[in-house]
Amino acid sequence: MTSARTISTQRSIKSYHDIYPVNEADGWPAIDAADFLGQIHRAFETQPDVSLIVDHYATPGSGNSATQELHRIDVEFIKGGYRQPRLSPGCRIRRVAQPR
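Calculation rules
Residues numbered from 1 in each chain as written. Predicted model: local features only at pLDDT ≥ 70, side-chain atom pairs only at ≥ 80, totals over all residues. Heavy atoms only, no water. Core = buried A, V, L, I, M, F, W, Y, C linked by side-chain atoms within 4.5 Å. Buried < 20%, exposed > 50% of the residue type's maximum accessible area, 1.4 Å probe, protein only. Contact = heavy atoms within 4.5 Å. Helix = DSSP H or I, 4+ residues; strand = E, 2+ residues; numbered from the N terminus. Pairing = 2+ DSSP bridges. Arc of directions from axis to C-beta. Polar contact = N/O pair within 3.5 Å; in protein donor to acceptor, adjacent residues only side chain to side chain. Phe/Tyr/Trp six-rings, centres within 6.5 Å; stacked < 30°, edge-to-face > 60°.

Asks: Even after reading the chapter, I still don't get the nonpolar core, so can you show me in this structure?
Replies: Soluble, globular proteins show a tendency: their nonpolar side chains are buried together. With seven residues, the main nonpolar core is built from Tyr 16, Ile 19, Tyr 20, Ala 33, Leu 37, Ile 73 and Ile 78. Excluding anything up to four places from it in sequence, Tyr 20 contacts Ala 33, Leu 37, Asn 64, Thr 67, Ile 73 and Phe 77.

Right under this line is the structure:
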């Protein structure tokens, strides 16, 4: 008989890019992204076993600069925040025709 194993997951569905825009006039205050993501990771005591981020792709190399106007984020920018010893970016599927 095999023993059961618990897997912790973190999911962000079309909202990861919303960590970065700022529009105080419309009630969208600045968010400390490092603190925000740190709180998520601390909730798991360690990094989650699986992090699923579904969001709109921005032009490669654009970082988080397209989050305000286009609501898109560069996938390499996201992966950069997850480059820690336990984590490695997995594969992804995207619609190539999606405008960036």
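Asks: Please clarify how the pairing of strand S1 (residues 9–13) should be interpreted in this entry.
Replies: What you see with S1 is a clean split: Gln 10 and Ser 12 sit on the buried side and Thr 9, Arg 11 and Ile 13 on the side with no burial. When S1 meets strand S2 (residues 50–54), the two strands line up parallel, connected through five bridges. Along S2, the bridge assignment pairs Ser 12 with Ile 53.

Asks: Hey, could you run me through helix H1 (residues 33–43) in this one?
Replies: Helical geometry: 3.6 residues make up each α-helical turn, so side chains three or four residues apart lie on a common side. Every buried residue of H1 is listed here: Ala 33, Leu 37, Gly 38 and His 41. Buried residues of H1 fall within an arc of 125° about the axis and therefore sit on the same side. More than 90 degrees from the buried face of H1, the exposed residues found are Arg 42 and Ala 43. Buried residues along H1 sit in contact with S1. A side-chain oxygen of the first residue of H1 lies 3.3 Å from the backbone nitrogen of Ala 34; this N-cap is Asp 32.

Asks: What am I meant to see in the side chain of Lys 79 here?
Replies: Tracing the backbone shows Lys 79 in helix H2 (residues 75–80). Residue classification places Lys 79 among the buried residues on the basis of a relative accessible area of 16%. At 3.1 Å, the side chain of Lys 79 forms a polar contact with the side chain of Glu 76.

Asks: So what exactly am I meant to see when it comes to the packing of aromatic side chains here?
Replies: When we look at a pair of aromatic rings, we describe it by the centre distance and by the angle of the planes. Counted under the stated rule, the structure contains two aromatic pairs. Through a chain of ring-to-ring contacts, the aromatic side chains of Tyr 16, Tyr 20 and Phe 77 assemble into a single cluster.

Read these as spatial facts, not as claims about activity.
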